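# Examining the three-dimensional arrangement
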Amino acid sequence: MRLYLAVAAGGFRRHATYRVATVAGMFTNTVFGFIIAYTYIALWDERPQLGGYDLSQAVTFVWLGQALLMTCAMMGGGFEDELIERIRTGDIAVDLYRPADLQLWWLAGDLGRAIFHLLGRGIVPMAIGSLAFDLAMPGSPLVWAAFLLSVLLGVVVSFALRYLVALSAFWLMDGAGVAQISFLAGTFFSGLLLPLTLFPGALGEIARALPWSSLLQIPADVFLGRRTGWDLVGAYAFQACWAAGLLVAGRLLQTVATRRVVVQGG
């Protein structure tokens, strides 16, 4: 456990060294937050209570999306490019022979990255958004705690999805295509473009049942107080089941890939 805590701390420090990029990211998230927020305001002026949100909740949803964009890596930008490159070059063989679990190693590093981005690129845009707009901020510390737990589960789901994408490089030799498809799906089905409650009919049902809804839609609803009591427990169970299922799938794929490397190395 101490090893993986050190890896997580290393992941945090690694991203903390890119100070100029972090400031640029804060600025970008803030600018897009304003653009999208005013778009939402125009839309909600025409359709009040659209998707079950009032105007304040809708604008809050926008800023939550900007705060969690890099935290949950909805458009990629985590470890996957590096892991794909290590698979392509064959350096992954060294990783597989190390006395550390490959999946846990990358998960720990990604958690460190997520914590940094939540603090570095999440708090500032959200604070600026709260000064410029009437956001629906929780008044109870319990809601904040529930929200952070939901974000943590969302980060694990995001990692598990991207880990599967990266492992596809064992067979495709270049996971860029799969990564692009995954990132497009994450952008659309997480709620980053529009809350999933706005999606009509069967499309909405499918979108809310997919794992990407764990990245933004569910944490945002927890933040906005739309998930309480047993509904909150159900939201956690949904995220935890997707996280566990995807991690197990990654473990199985990792085992097959490891055997392939051993056979080829022998």
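Numbering of residues begins from 1 in every chain and follows the order in which that chain's sequence is written. Under the rules for a predicted model, residues below a pLDDT of 70 receive no local features and side-chain atom pairs below 80 are neither given nor counted, while totals for whole chains, interfaces and linings still include all residues. As a rule here, side-chain values come from all non-hydrogen atoms in the structure, and water together with hydrogens is ignored.

Moving on, we get to helix H1 (residues 2-16). In DSSP terms, a helix is any run of H or I states spanning at least four residues, a strand is any run of E spanning at least two, and both are numbered starting from the N terminus. The span one expects for a helix is its residue count, reduced by one, times 1.5 Å. The first and last C-alpha atoms of H1 sit 21 Å apart over 15 residues, in line with the 21 Å expected at 1.5 Å per residue. Where H1 is concerned, the buried positions are Tyr4, Val7, Ala8, Gly11 and His15. Buried residues of H1 fall within an arc of 100° about the axis and therefore sit on the same side. Relative to its buried face, H1 has exposed residues pointing more than 90 degrees away, namely Arg2, Leu5 and Arg13. Buried-residue contacts for H1 involve helix H2 (19-46) and helix H6 (102-120). When accessible area is computed with a 1.4 Å probe and restricted to protein chains, residues below 20% of their type maximum are described as buried, those above 50% as exposed, and intermediate ones as partly exposed. This arc is taken over the directions from the axis of the helix to the C-beta atoms. By the convention used here, residues are in contact when the closest approach between their heavy atoms is within 4.5 Å.

Turning to the side chain of Thr30, a few remarks are in order. Mapped onto the secondary structure, Thr30 falls in helix H2. The class of Thr30 is buried, set by a relative accessible area of 11%. The residues touching Thr30, leaving out its near neighbours within four places in the chain, are Trp63, Pro125 and Ile128.

Before going further, it helps to spend a moment on the layout of surface pockets. Of the pockets and cavities examined, the largest pocket occupies roughly 370 Å³. Only protein atoms enter the calculation, which uses a 1 Å grid: trapped sets of points that fit a 1.4 Å probe without letting it out are cavities, open sets showing protein on both sides within 12 Å along at least five of seven lines are pockets, and any residue with an atom within 4 Å of a point is a lining residue. Around the largest pocket, the lining comprises 20 residues; the ones closest to its centre are Arg14, Glu82, Trp105, Trp106 and Gly109. Listing elements by their share of the lining of the largest pocket, those giving two or more residues are H1, helix H4 (80-89) and H6. When residues in the lining of the largest pocket are grouped by element, the largest group, 6 residues, is from H6. Note that Gly is not counted as nonpolar here; it falls among the polar residues with everything else outside the nonpolar set of Ala, Val, Leu, Ile, Met, Phe, Trp, Tyr, Cys and Pro and the charged set of Asp, Glu, Lys and Arg. When its residues are assigned to classes, the lining of the largest pocket shows 6 nonpolar, 6 polar and 8 charged. Counted as a void, the second largest pocket has a volume near 200 Å³. Taken together, 13 residues make up the lining of the second largest pocket; nearest its centre are Leu118, Ile123, Met126, Trp144 and Phe147. Grid points are joined across faces, edges and corners, and a volume is the space filled by probe spheres set on the points.

Right, let's talk about the confidence of the model for the protein chain for a bit. Parts of the prediction with low pLDDT should not have their coordinates interpreted in detail. Confidence in the prediction of the protein chain, expressed as mean pLDDT, is 89, and 97% of residues score 70 or more. Every residue carries a pLDDT, the predictor's confidence in it, which falls somewhere between 0 and 100. Within the protein chain, helix H12 (residues 217-223) carries the highest mean pLDDT (96), whereas helix H5 (residues 92-97) carries the lowest (79).

Axes here mean lines fitted to C-alpha atoms, for a helix over just the part in contact, with angles spanning 0 to 180 degrees between N-to-C directions. Remark: helix H3 (residues 55-68) packs on helix H7 (residues 123-132), axes separated minimally by 8 Å, with the N-to-C direction vectors making an angle of 160°. In terms of axis orientation, H3 runs roughly antiparallel to H7. Where H3 crosses over H7, the handedness of that crossing is right-handed. Within the contact between the two elements, H3 uses Thr60, Trp63 and Leu64 and H7 uses Pro125, Met126 and Gly129. A class-by-class count of the residues in the contact of H3 with H7 yields 4 nonpolar, 2 polar and no charged. Working definition: roughly parallel below 35 degrees, roughly antiparallel above 145 degrees, roughly perpendicular at 65 to 115 degrees, and oblique for all remaining angles. For a crossing to be left-handed, the near helix must be turned anticlockwise from the far one by less than a right angle; the clockwise case is right-handed.

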